[in-house]
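Chain by chain, the residues:
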Amino acid sequence: MGEAAAADPPAPAVETPRGRVAPPMPWRTRLAVIAAGYVTDATRRADGSVNRCLLGVLDKGVPACAAPRNGVASMDLTIDPAHSVRARLFYPSSAGGAALPVVVFFHGGGFAYLSASSPAYDAACRRIARYASAAVLSVDYRRAPEHKFPAAYDDGLAALRFLDDPANHHPVQLDAARCYLAGDSAGGNIAHHVARRYSIAPTAFRRVRLAGLIAIQPFFGGEERTPSELRLAGAPIVNVPRTDWMWRAFLPAGSDRSHEACSPDAAAAGLGEAPEFPPATVVVGGYDPLQDWQRRYCDAMRREGKEVRVLEYPEAIHAFYVFPEFPDAKDLMLRIKEIIAGGGQ
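An account of the accompanying structure is given in this report.

What counts and what doesn't
Residues numbered from 1 in each chain as written. Predicted model: local features only at pLDDT ≥ 70, side-chain atom pairs only at ≥ 80, totals over all residues. Heavy atoms only, no water. Helix = DSSP H or I, 4+ residues; strand = E, 2+ residues; numbered from the N terminus. Buried < 20%, exposed > 50% of the residue type's maximum accessible area, 1.4 Å probe, protein only. Contact = heavy atoms within 4.5 Å. Disulfide = S-S within 2.5 Å. Pairing = 2+ DSSP bridges. Axes fitted to C-alpha atoms, helices over the stretch in contact; angles between N-to-C directions. Phe/Tyr/Trp six-rings, centres within 6.5 Å; stacked < 30°, edge-to-face > 60°. Core = buried A, V, L, I, M, F, W, Y, C linked by side-chain atoms within 4.5 Å. 1 Å grid on protein atoms, 1.4 Å probe; cavity = no way out; pocket = protein on both sides within 12 Å on 5 of 7 lines; lining within 4 Å. Points joined across faces, edges and corners; volume = space filled by probe spheres on them. Nonpolar A, V, L, I, M, F, W, Y, C, P; charged D, E, K, R; others polar.

1. Let's talk about the environment of Phe-326
Step number 1: As for its placement among the helices and strands, Phe-326 is situated in the loop between strand E12 (308–317) and helix H11 (327–341).
Step number 2: Given a relative accessible area of 10%, Phe-326 falls into the buried group.
Step number 3: Linking Phe-326 and Pro-26, residues 300 residues apart in sequence, is a C-alpha distance of 9.2 Å.
Step number 4: Ignoring any residue separated from it by four or fewer positions in sequence, one finds Phe-326 in contact with Met-25, Thr-29, Ile-317 and Phe-320.

In structure tokens form, the structure reads like this:
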């Protein structure tokens, strides 16, 4: 996909009366980006539900593959039988007997869409495993609106409990003491809240130790409209009507966006008393309407005394890294490799 798309002539930048809202990109990439937005618009209903039958057609999952593809094998696991929560484990075929660091990954999709088997996320996790020489446990968390807050966070914590039991470390050896939480968009939000829950009660885990948090364009919000949301109206993937619907789908009935799941200030509140919260890397894109909320999140974390590193990609749209034809997508993979090789720093 990436090589073919890179050979296409670039389409012009996306312009609106407010100015440019997306960088130039190959036509094939432009079409893929438009299709991603269409999936959410075509399957969300006015009554707050999702047409799961249609979504299953538009986002047809790919199977796990025990035979290595591009040097990475995968298998599906049940990590919480009580709630039928599954995950997909990716691991480099060259690992041999060495214990691998583990990236617990949460896909994006506004808490309501996509899955660990979605083609874009299967490929992205495969790339992370290959670049970082790490195992990636991609959590197929329960989705809204059928499962509102805090179901996705509960499922993330279930993934850590799964890793805490060495009986689950197969077919490769996993080093649970070198565990990273990562995710993009809603998955970045989930990764933060799982880290928060872990850091409040780390003694509940015998082996799992969080070495780092990698929040790729995390999904936070509020009642007001930020300058970036207004300036980038019409940007690819994310827009205000879509995010409004997603927050209604996920937040508990009667809640507003001051809720801890949504507000970056509430999400960070009290973390100064949680020394086990890991160092965070936050990825911000210059064409992402959510960037102002992401910067507020970084500021709130720093006020709590937490270590935060920001990776800026001025030419990046929301979810840019799942499109490998973007040069920034490869750069982010290299940065993730460095983070894991450096023990989270």
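2. What about the state of the cysteines?
Step number 1: A complete count under the given rule lists zero disulfides for this structure.
Step number 2: With no disulfide of its own, Cys-65 lies 15 Å from the sulfur of Cys-125, the closest cysteine sulfur.
Step number 3: Taking the relative accessible area as the measure of exposure, Cys-125 reaches 0% and is therefore buried.

3. Focus: the sheet that holds strand E10 (residues 210–216)
Sheet strands pair by backbone hydrogen bonding; their relative direction is either parallel or antiparallel.
Step number 1: Ordered by their spatial adjacency, eight strands build an open sheet running E5-E6-E8-E7-E9-E10-E11-E12, and the pairing between neighbours is mixed. Each edge of the open sheet carries a strand with a single partner, namely strand E5 (72–80) and E12. Neighbour to neighbour, the strand axes of the sheet diverge by 20 degrees on average, direction disregarded.
Step number 2: Relative to strand E8 (residues 135–140), strand E6 (residues 85–92) runs antiparallel, the two sharing five bridges. The partner of Arg-86 across the bridge, within E8, is Asp-140.
Step number 3: Contacting strand E7 (100–106), strand E9 (174–184) and E10, helix H6 (residues 186–200) runs over the sheet at an angle of about 140 degrees to E9.
Step number 4: Across the sheet, H11 lies against E7, E9, E10, strand E11 (280–287) and E12, angled at about 165 degrees from E12, the strand it touches most.

4. A closer look at the packing of aromatic side chains
Both the distance between ring centres and the angle between the ring planes are used here to describe each pair of aromatic rings.
Step number 1: Applying the stated criterion to the full structure yields 14 aromatic pairs.
Step number 2: Both rings, one in Phe-111 and one in Phe-250, keep their centres 3.8 Å apart while their planes meet at 5 degrees; by these two values the pair is stacked. Linking Phe-111 in the loop between E7 and helix H4 (119–132) with Phe-250 in helix H8 (residues 240–250), this pair joins segments that are 139 residues apart in sequence. Pair check on accessibility: Phe-111 and Phe-250 agree, each one buried.
Step number 3: Seen in terms of ring centroids, Tyr-153 and Phe-250 are 5.8 Å apart; in terms of plane orientation they differ by 70 degrees. Their pairing is edge-to-face. Of this pair, Tyr-153 sits in helix H5 (residues 151–164) while Phe-250 sits in helix H8, and the two are 97 residues apart along the sequence.

5. Focus on the pairing of E8
On any regular strand, side chains alternate: one points to one face of the sheet, the next to the other face.
Step number 1: Burial of E8 is extensive: five of the six residues sit out of reach of the surface.
Step number 2: Direction of pairing for E7 relative to E8: parallel, over a ladder of five bridges. Each bridged residue has a counterpart across the sheet, and for Phe-105 the counterpart in E8 is Ser-138.

6. Side note on the nonpolar core
Step number 1: By size, the foremost hydrophobic cluster in this structure holds 115 residues, and its most contacted members are Val-104, Leu-160, Leu-181, Phe-250 and Tyr-321.
Step number 2: Residue contributions to this core peak at seven residues, all from H5.
Step number 3: For Leu-181, the contacting residues outside a window of four places in its chain are Val-104, Phe-106, Leu-160, Ala-191, Val-194, Ala-195, Leu-210, Gly-212, Leu-213 and Ile-214.

7. Things to note about the layout of surface pockets
Step number 1: Its boundaries defined by the atoms lining it, the largest pocket holds a volume of some 850 Å³.
Step number 2: Considering the residues around the largest pocket, the lining is formed by 39 residues, among which Ala-36, Leu-114, Ala-120, Tyr-121 and Val-322 are closest to the centre.
Step number 3: Those elements that provide at least two residues to the lining of the largest pocket are helix H2 (27–43), H4 and H8.
Step number 4: The element that contributes the greatest number of residues to the lining of the largest pocket is H4, accounting for eight residues.
Step number 5: Its residues assigned to classes, the lining of the largest pocket shows 21 nonpolar, 11 polar and seven charged.

Function cannot be read off these values alone, since they describe shape.
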